[in-house]
Amino acid sequence: MKKVLALVLAVMMLCTMAFAVVTNPGASDNTSNSKTWLPGETIKVNDSGIINKNPNDQWTPATVKSINSTNYSISNLKYQDGKNLVESVKFNDANDRVDIKLKQDYTKTTTSTLDMTFTLKGKKVGKNAKPDNIDIRIYGSVGYKLEEKNLLIQPDESVIVTSAVSSQDGKTVSNVNNTSAFATGDGLLWKVGKATGATTDYGDLEFTAADGDTDIEVRVYKDDKLYLYNNTDADGDVLKAYADTDADITFLNFPGAPTFNATAKVYFYKEEGSYVYGVKDGKLTEINAKWSDDDGAFVLKTRTLGNYVFSDKKLSVAAPSAGSNNPDTGANDVVGIATALAAVALVSAAAVSLKK
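If you're wondering where the values come from, they're calculated on a predicted model, not measured in any experiment.

### What about the packing of aromatic side chains?
- This structure, assessed with the given rule, holds six aromatic pairs.
- In this structure, K270 is placed above the aromatic ring of F310, and the distance from its NZ or CZ to the ring centre is 4.2 Å.

### Thoughts on the sheet that holds strand β22 (residues 307-311)
- Pairing in this open sheet of four strands is antiparallel, and the strands run β16-β22-β18-β19 from one edge to the other. One side of each edge strand has no neighbouring strand; the edge strands of this open sheet are β16 (249-253) and β19 (283-286). Direction aside, the axes of adjacent strands within the sheet are offset by 35° on average.

### What about unusual backbone geometry?
- Located in the positive-phi region is E157, a residue other than glycine, with phi close to 70°.
- Along the chain, the position of E157 falls in the loop between β8 (148-153) and β9 (159-161).
- One non-glycine residue with positive phi stands out, namely D223, at about 80°.
- Given the relative accessible area of 46%, D223 is considered partly exposed.

### Considerations on the sheet that holds strand β7 (residues 134-142)
- Pairing is mixed across the open sheet formed by four strands, whose spatial order is β1-β7-β6-β3. In the strand order of this sheet, the two ends are held by β1 (35-37) and β3 (72-81), each with one partner. The sheet shows a mean angle of 35° between the axes of neighbouring strands, direction not considered.
- In this sheet, strand β6 (residues 112-122) lies alongside β3 in antiparallel orientation, the contact comprising seven bridges.

About the cut-offs
- Residues numbered from 1 in each chain as written.
- Predicted model: local features only at pLDDT ≥ 70, side-chain atom pairs only at ≥ 80, totals over all residues.
- Heavy atoms only, no water.
- Phe/Tyr/Trp six-rings, centres within 6.5 Å; stacked < 30°, edge-to-face > 60°.
- Lys NZ or Arg CZ within 6 Å of the ring centre and 35° of its normal.
- Pairing = 2+ DSSP bridges.
- Helix = DSSP H or I, 4+ residues; strand = E, 2+ residues; numbered from the N terminus.
- Axes fitted to C-alpha atoms, helices over the stretch in contact; angles between N-to-C directions.
- Buried < 20%, exposed > 50% of the residue type's maximum accessible area, 1.4 Å probe, protein only.

Pasting the structure below:
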């Protein structure tokens with residue numbers, strides 16, 4: 001029985017060793033050389049970039065291969081701080097690196113600390129030497145301070161912009177896409193305030209979107225902060241998914257998905273008989289935009305602006321998203337632990353069997 005128990009303990013130790021993190025010699029917790037990233041940015045980890053556990057660690061693994069899913073797996077992903085800042089961690093095999101995609105946050109006005117570690121666990125491929133495990137630490141700050149511009153409620157309850165940004169008809173924000181003072185070149189953060197003489201804490205805001213064919217009308221309230229930037233950038237997944245339809249497809253995107261405290265009316269001045277869809281994660285969705293003869297437009301009532309697709313032909317919303325895949329966020333940890341536990345369970349079962 002003692003021999004059996006010794007065997008069980010030995011197997012458990014092997015399982016633990018198989019999934020242990022290799023600590024780089026000389027590693028310390030010095031973070032004086034931290035970096036700064038913007039929300040939405042991709043941190044690129046390769047064998048010539050951020051490869052040490054921390055900025056002062058000069059240790060280099062003896063055997064290093066191209067950083068891709070053939071030679072390595074991502075394991076032991078841990079966050080000391082800033083987990084909510086990261087959207088995905090996965091291999092970019094085309095460029096031999098790991099891409100850490102940061103979440104885009106258009107309401108972020110302060111910086112936050114990102115402190116994360118993970119291990120590139122070497123795989124043995126064929127008869128080639130197995131690369132050493134590489135511990136990686138990403139430390140720095142994520143964020144920026146958006147420059148705020150004022151939207152002032154007027155005595156007549158219209159809302160106009162201030163500063164040097166132009167307005168139209170006394171209340172139409174014609175320049176919500178101004179890029180001159182925004183850190184990432186994606187517009188401005190608008191803060192609703194009150195002009196002298198205003199007697200209410202709300203007003204009616206109107207503006208025209210980047211495509212020139214979409215108008216938005218909505219009531220806004222004092223102290224609302226709105227990221228209204230929008231663009232007409234094409235969604236590559238949608239274009240690929242419907243490449244065989246010969247449809248004329250255009251786009252309107254509100255990447256910050258601004259949400260209002262009242263229901264907005266969105267007027268899409270497109271041809272009658274055309275089609276208006278929403279788009280999410282590269283896939284079309286149905287939206288309740290109805291044609292109005294009185295307005296000569298499709299009218300959508302919503303509290304949140306999103307991404308829209310316009311087509312001269314009907315498109316199937318069931319069409320698959322081209323090139324979609326699930327991000328690798330360290331699932332190998334779960335697989336490794338499960339494998340180890342399974343091995344222990346098998347050995348334990350064998351011990352019980354031998355006892356009998």
